[in-house]
Amino acid sequence: MEINHHLYDKLTEITSKENVLVNEELRNHTYTKLGGDADFYVTPENYKEVQDIVKLANRENTAFTLLGNGSNLIVKDGGIRGIVLNLQKLNEIKTDENVIVAQSGARIIDVSRHALERRLTGLEFACGIPGSVGGALYMNAGAYGGEIKDVLTSAVVVTKEGELLTVSADELDLAYRKSNIPDNSYIVLEAEFSLKNGKFDEIKAIMDDLTYRRESKQPLEYPSCGSVFKRPPGYFAGKLIQDSHLQGKQIGGAQVSRKHAGFIVNIDHATASEYIDLIHFVQNAVKDKFGVALEREVRIIGEDK
Ligand SMILES: Cc1cc2nc3c(=O)[nH]c(=O)nc-3n(C[C@H](O)[C@H](O)[C@H](O)COP(=O)(O)OP(=O)(O)OC[C@H]3O[C@@H](n4cnc5c(N)ncnc54)[C@H](O)[C@@H]3O)c2cc1C
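Attention in this report is confined to the structure presented alongside it. (Residues numbered from 1 in each chain as written. Predicted model: local features only at pLDDT ≥ 70, side-chain atom pairs only at ≥ 80, totals over all residues. Heavy atoms only, no water.)

**A look at the pattern of salt bridges**
Within this structure, the stated rule accounts for 15 salt bridges. Of the charged contacts, one joins Glu303 and Arg81 as a salt bridge, the two residues approaching to 3.1 Å between their closest N and O atoms. Taken together, the residues span a long stretch of sequence, with Glu303 in the segment after strand E19 (299–301) and Arg81 in strand E5 (residues 80–85) at a distance of 222 residues. The partner of Glu92 in a salt bridge is Lys94, and the shortest N-O contact between them spans 3.5 Å. Look at Lys94 and you get exposed, because its relative accessible area is 53%. A cluster of three or more residues bridged by salt bridges with shared partners is formed by Asp39, Arg81 and Glu303. (Salt bridge = Lys/Arg side-chain N within 4 Å of Asp/Glu carboxyl O. Helix = DSSP H or I, 4+ residues; strand = E, 2+ residues; numbered from the N terminus. Buried < 20%, exposed > 50% of the residue type's maximum accessible area, 1.4 Å probe, protein only.)

**Describing the pairing of strand E7 (residues 99–103)**
Alignment of strand E6 (residues 93–96) against E7, held across four bridges, turns out to be antiparallel. Directly across from Asp96, in E7, lies its bridge partner Val99. Here E6 folds back onto E7 in antiparallel fashion, the turn holding two residues, of which Glu97 has a positive phi close to 55 degrees. Here E7 runs beside strand E13 (residues 187–194); their pairing, made up of five bridges, is antiparallel. (Pairing = 2+ DSSP bridges.)

**Some thoughts on the site of the ligand**
The environment of the ligand is formed by 36 residues, the closest being Leu66, Ser71, Ser132, Gly142 and Arg299. Here an oxygen atom of the ligand and a side-chain polar atom of Ser71 are 2.6 Å apart. About the coverage of the ligand: the protein hides 94% of its 970 Å² of free accessible area. Looking at the shell around the ligand, the elements with two or more residues in it are helix H4 (133–139), strand E9 (142–143), E13 and strand E15 (224–227). When residues in the shell around the ligand are grouped by element, the largest group, five residues, is from H4. A per-class count over the shell around the ligand returns 18 nonpolar, 14 polar and four charged. (Near = heavy atom within 4 Å. Polar contact = N/O pair within 3.5 Å; in protein donor to acceptor, adjacent residues only side chain to side chain. Areas by Shrake-Rupley, 256 points an atom, 1.4 Å probe, with all protein chains shown as cover. Nonpolar A, V, L, I, M, F, W, Y, C, P; charged D, E, K, R; others polar.)

**Examining the packing of aromatic side chains**
A complete count under the given rule lists one aromatic pair for this structure. The ring of Tyr176 is capped by Arg231, whose NZ or CZ atom sits 4.8 Å from the centre of that ring. Residue placement shows Lys249 over the ring face of Phe281; its charged tip is 4.3 Å from the ring centre. (Phe/Tyr/Trp six-rings, centres within 6.5 Å; stacked < 30°, edge-to-face > 60°. Lys NZ or Arg CZ within 6 Å of the ring centre and 35° of its normal.)

**Details of the sheet that holds E6**
The antiparallel open sheet is built from five strands, whose spatial order is E6-E7-E13-E11-E12. Across the chains shown, the open sheet's two edge strands, defined by having one partner strand only, are E6 and strand E12 (164–168). In this sheet, neighbouring strand axes are inclined to one another by 20 degrees on average, regardless of whether the strands run parallel or antiparallel. By the bridge criterion, six bridges tie strand E11 (residues 152–158) to E13 in an arrangement that is antiparallel. (Axes fitted to C-alpha atoms, helices over the stretch in contact; angles between N-to-C directions.)

By themselves, these observations are geometric and do not establish any function.
Put into structure tokens, the structure is as follows:
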């Protein structure tokens, strides 16, 4: 891509040059190891920089996209135009009694471990979810009966106008794997979690059990985006896929996992288009066999090549 020098200059007035990468390969920032380049990949270091980047994007009429830990996204092969914002440098986690405040770029796994060290219970479910705090709020991430909704009390966000706002958890309409964060175009900067006092050994035992269950069932040895589909009411996506005899089905380098039918793994340098074609193939096959429409949990963003 031809570099937009004007935008580059403006971005580097807001944050330092090391934080503004040009034509950055997004496959290096996604769990599926898929995706073309971002025109600008920007990693701001404080809230003011985030606000200024939003205001700049508004003024310049430039698209911007938020990338968390890239564990629930497929970026298409043509990449993403404009600014891709990643908040990995905003990753502080603080505790005051039973309240944890975590910045959005912290990994939710680390917040869960932080809670364990302080003998706080409620975030054990998150010990194996590879997302950032921001991505976890956006998706209302959950596992093994727990979800963000159970423990979140409030969040600090940047609005689409670039203003800071504190919102209560209720205002985010958290529901099964969704929130109203995309509808409001909020950028999550930090989250406040209210936990309960517990016992170290008991919290650790739950986390060890969940880790064992995850490692024995999920194909963690290959790049993937986790469960591709949401749980359809009354069914399990993995079981429907298994019973459609799709495990091992491959398009290019993408394969329906033999270990866990709900996962599609990148086993051999897949392209995003192969991965997406396989998602459609699975949706069609399950619809034909069982009449059930599988809804994607994973988000697909960016442009075709
Ligand atoms: C092996 C594996 C296992 C998984 N297991 C689970 C599981 O058990 N339960 C579960 O719920 N999920 C699971 N996932 C999916 C994923 O980890 C979660 O959905 C996670 O919450 C996504 O967070 P992320 O930071 O990676 O977000 P990304 O994938 O980077 O982004 C997801 C969406 O969130 C938005 N977003 C990211 N950060 C912010 C922010 N700061 N403000 C506003 N919007 C933001 C992005 O724009 C994007 O639309 C798994 C994934 C993998 C690869």
